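# Observations on the three-dimensional arrangement
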Amino acid sequence: MSMAIISSAFAAEGEQATHETVGAGEAHHEGGFPPFQTENFAPQIFWLVVIFGLLYALMSRIALPRVGGIIENRGAKIASDLGAAREMQSKAQAAAAANDENLRRRREEAQAIGRDAQHKIAAETAKQRTIAESQAAEKIRAADERIASAKAKALANVEQIAEEAAAAIVEKLTGAKVDMSTISENHATSSTAKETLNAF
Amino acid sequence: MNPEEAAAKPNPIEQFELHRLWPFEINGIETSFTNASLFMLLAALGVVALMILATSKKAIVPGRVQAMAEMLYEFVAGMVRQTAGTEGMKFFPFVFTLFSFILIANLIGLVPYTYSVTSQIVVTFAFAAVVISLVVCYGLYRHGFGFLNLFVPHGVPLPVLVVLVPIEIISFLSRPVSLSVRLFANILAGHITLAVFGGFVMMLLGAGVWAALAPVPLLAIVALYALELLVACLQAFVFAVLTCVYLNDAIHPGH
């Protein structure tokens, strides 16, 4: 009812428009305003029903379940990926802690080994040193002894030479043969001679 | 205005005319394939391209068009869930098809030389009729006569009800009219306005010195076009939201 009124009003306006637009208005003469031309209703409704019906079928059967599935899959994938990532992270943290612990233990071991080696080396050097020192002391003592004996031997030789020289001097001066034993006795008692020899 | 100029004036109504591209009839009812049918088909194909072709890869990381399809899906799903509740989700495919079809049809209609499917009252009224009959049928199926509680607000004293119930009934009956006329009138008025301003440009260009003023209505067309893009999306949205609100009434008739 109201539509009919609007329609006729528009038709009247369309009529007016055709009067104004002399040339271009010819197309309207039969029906007036196109959206209200009743002969246009049936074909539009027919095709609307066909096309919209097909579109509804395609959307409800194919498109919407598919898109809904995509979104759901993505949600599930993100959730599972996040879970996996969280698990990996805790694993990595545990591994890092284990590694730290291992490192600490190894360092302690290394320090202990170093300490041991140091002690061993110190003991070894001390032993070697005492051996070397005692050997050296032995050698020094032997050398000292050799020197002393050589000195004594040399002294003994000097006394004999001096006694023979004294005998020879006495013979030359007196012409008498002097017994060697008396000279050696004299010599032993003569302090001056001893001092002279010591001065050598 | 002299007659030559009047003759050159473009007709803003011409764009709504129906051309029968493939005339035929079934049982005496004319079912010709018209330019309107062609653009209905294009709009439907656009929706199919977006929702079916672009999602055929089912990519976990979506491409641009698939992301758009998903956004549209989630937008409509959110709208239905918010306005009609979880139970309303059984109408989600219907609301989605309605919204996407009207949206794409409106947007295609904004391309010059195309046809605006929704500028036809018969089309928008057909949509509104489907929505309202769905509401009534589902309401009666789900609640029986309890559906009539829709017209009886809770906690209102009897004397007020005497006035209120007729108002509720009238408001319910006016729903299909307001639903269809809102969409139809918005699209129609927008396209007429664009065509009229286009006509101004033509007329000014043909009016000697006044041609210097021709860019003014042209700029107005640019601004109006932006507005029409908004209207195209907004009216599709409003239609879908109101559909959800009415369906919510069918699901939960008590106020």
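Definitions and limits used
- Residues numbered from 1 in each chain as written.
- Chains lettered and ligands numbered in written order.
- Predicted model: local features only at pLDDT ≥ 70, side-chain atom pairs only at ≥ 80, totals over all residues.
- Heavy atoms only, no water.
- Helix = DSSP H or I, 4+ residues; strand = E, 2+ residues; numbered from the N terminus.
- Areas by Shrake-Rupley, 256 points an atom, 1.4 Å probe, with all protein chains shown as cover.
- Buried < 20%, exposed > 50% of the residue type's maximum accessible area, 1.4 Å probe, protein only.
- Contact = heavy atoms within 4.5 Å.
- Buried area = accessible area lost by both parts, 1.4 Å probe.
- Salt bridge = Lys/Arg side-chain N within 4 Å of Asp/Glu carboxyl O.
- Polar contact = N/O pair within 3.5 Å; in protein donor to acceptor, adjacent residues only side chain to side chain.
- Nonpolar A, V, L, I, M, F, W, Y, C, P; charged D, E, K, R; others polar.
- 1 Å grid on protein atoms, 1.4 Å probe; cavity = no way out; pocket = protein on both sides within 12 Å on 5 of 7 lines; lining within 4 Å.
- Points joined across faces, edges and corners; volume = space filled by probe spheres on them.
- pLDDT = per-residue confidence, 0-100.
- Core = buried A, V, L, I, M, F, W, Y, C linked by side-chain atoms within 4.5 Å.

## Describing the overall build of chain A
Summing up its helical and strand segments, chain A has four helices and zero strands in all. For chain A, the N- to C-terminal ordering of α and β elements is α-α-α-α. Carbon and sulfur atoms form 61% of the exposed surface of chain A, whose accessible area is close to 14,600 Å².

## Observations regarding the overall build of chain B
Looking only at helices and strands, chain B features seven helices and four strands. Each helix and strand of chain B, ordered N terminal to C terminal, gives the series α-β-β-β-β-α-α-α-α-α-α. Within the span of chain B, comprising 255 residues, buried residues form 45% of the whole. Across chain B, every contact between residues at least 6 apart in sequence was considered, and the portion connecting residues at least 24 apart equals 68%. Of the accessible surface of chain B, which amounts to about 12,600 Å², a share of 74% is contributed by carbon and sulfur atoms.

## Considerations on the interface of chain A and chain B
Taken together, the 37 residues of chain A in the interface contact 54 residues of chain B. Overall, the association of chain A and chain B removes approximately 4,100 Å² of surface from exposure, summing both partners, and the carbon and sulfur fraction of that is 78%. Viewed at the interface, chain B and chain A are joined by one salt bridge. Of the charged contacts in the structure, one is a salt bridge between Glu 70 of chain B and Arg 74 of chain A, with a shortest N-O distance of 2.7 Å. Where chain A touches chain B, the interface holds nine residue pairs in polar contact (both at pLDDT 80 or more). When residues of the side of chain A that touches chain B are assigned to their parent elements, the largest contribution, 26 residues, is made by helix 2 (residues 41–174) of chain A. By residue class, the composition of the side of chain A that touches chain B is 25 nonpolar, seven polar and five charged.

## Quick notes on the layout of surface pockets
Residue and element names in this part refer to chain B. In this model, the largest pocket occupies a volume close to 770 Å³. Around the largest pocket sit 24 residues that line it, and Gln 15, Pro 112, Tyr 113, Thr 114 and Ala 195 are the ones nearest its centre. Taken together, the elements giving at least two residues each to the lining of the largest pocket come down to helix 2 (35–53), helix 6 (158–205) and helix 7 (215–251). The biggest single contributor to the lining of the largest pocket is helix 6, with six residues. Looking at the lining of the largest pocket residue by residue, the classes come out as 13 nonpolar, nine polar and two charged.

## A look at the confidence of the model for chain A
Taken residue by residue, chain A gives an average pLDDT of 81. The fraction at 70 or more is 77%. Note that pLDDT drops below 50 for residues 1–29 of chain A; the model gives that stretch 18 contacts with residues more than four away or on any other chain.

## Comments concerning unusual backbone geometry
Residues and elements named next belong to chain B. Despite not being glycine, Asn 27 shows a phi value in the positive range, around 50°. Position of Asn 27 relative to the elements: it lies in the loop between strand 2 (25–26) and strand 3 (29–30). Here Asn 27 falls in the exposed class, since its relative accessible area comes to 76%. Residue Tyr 113 is not a glycine yet carries a positive backbone phi of 70°. Relative to the assigned elements, Tyr 113 resides in the loop between helix 4 (92–109) and helix 5 (121–143). Looking at Tyr 113, the relative accessible area reads 85%, which means it is exposed.

## Some remarks on the nonpolar core
Residues Met 59 of chain A together with Met 51, Val 95, Phe 101 and Phe 127 of chain B are the most contacted members of the largest nonpolar core, which totals 78 residues. The contact partners of Phe 101 of chain B, leaving out residues within four places of it in the chain, are Leu 48, Ile 51, Phe 52 and Leu 55 of chain A together with Met 40, Ala 43, Ala 44, Val 47 and Phe 127 of chain B. Among the nonpolar cores identified, the runner-up in size contains eight residues, and Leu 194, Val 201, Ala 214 and Ile 221 of chain B belong to it.

## Notes on the pattern of salt bridges
All names here are of chain A. In total, this model carries nine salt bridges over all chains according to the counting rule given. One salt bridge connects Glu 101 with Arg 104, and the closest N-O pair in it is separated by 2.8 Å. Here Glu 101 pairs with Arg 104, and both are found in helix 2, just three residues apart, close to one helical turn. Using a relative accessible area of 35% as the deciding quantity, one classes Glu 101 as partly exposed. Salt-bridge contacts for Glu 108 lead to Arg 104; the nearest nitrogen and oxygen are separated by 3.0 Å. Of this pair, Glu 108 and Arg 104 both sit in helix 2, four residues apart, which is roughly one turn of that helix.

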